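# Commentary on secondary and tertiary structure
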Amino acid sequence: QVQLVESGGGLVQPGESLRLSCTASGNIFKINLMAWHRQTPKKQRELVAITTSGGGTNYADSVKGRFTISRDNAKNTLYLQMNSLKPEDTAVYYCFSTIANTSSGIFWNFWGQGTQVTVSS
């Protein structure tokens, strides 16, 4: 099977930075989309940033100019560099990816377990 494991969350003060990582492992033939979502107890899970296998990226308006998504295809690893963090960025951040196990062309959705990011003074 496939596992997505996130790391890098923590407690920071407003204005500080964090970098999240997510590594995919297991039975992987090809990875297509990789993305970060976040969720708070009061809000539905929302897309933060997404990157395609071709390198295209897109961001939620609330994080544009502050967050940068990137991936290392050789390591099957996704990153999220978060700068100028705000209290409203506090959430559990989840890694998401569409992954094919074989050459069939069928891609499956996988989620990580989540990592807590808390921005507070």
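Preceding this paragraph is the structure being described.
Below, the structure is looked at part by part. (Residues numbered from 1 in each chain as written. Predicted model: local features only at pLDDT ≥ 70, side-chain atom pairs only at ≥ 80, totals over all residues. Heavy atoms only, no water.)

### Digging into the environment of Lys42
Turning to its location among the elements, Lys42 is positioned in the loop between β4 (30–39) and β5 (46–51). Each C-alpha atom, one on Lys42 and one on Ala100, is 33 Å from the other, the two residues being 58 residues apart in sequence. (Helix = DSSP H or I, 4+ residues; strand = E, 2+ residues; numbered from the N terminus.)

### Brief notes about unusual backbone geometry
Residues other than glycine seldom take positive phi values, yet Asn76 does so here, at roughly 50°. Among the structural elements, Asn76 can be located in the loop between β7 (67–72) and β8 (77–82). You can call Asn76 partly exposed: its relative accessible area is 24%. A positive phi angle is found at Ser84, which is not glycine, with a value near 50°. (Buried < 20%, exposed > 50% of the residue type's maximum accessible area, 1.4 Å probe, protein only.)

### Some points on the pairing of β4
Here β4 pairs with strand β9 (residues 91–100) via eight bridges, running antiparallel. Bridging across to β9, His37 finds its partner in Tyr94. Across five bridges, the pairing between β4 and β5 is antiparallel. Note on β5: the bridge partner recorded for His37 is Leu47. From the end of β4 to the start of β5, which pair antiparallel, there are six residues. (Pairing = 2+ DSSP bridges.)

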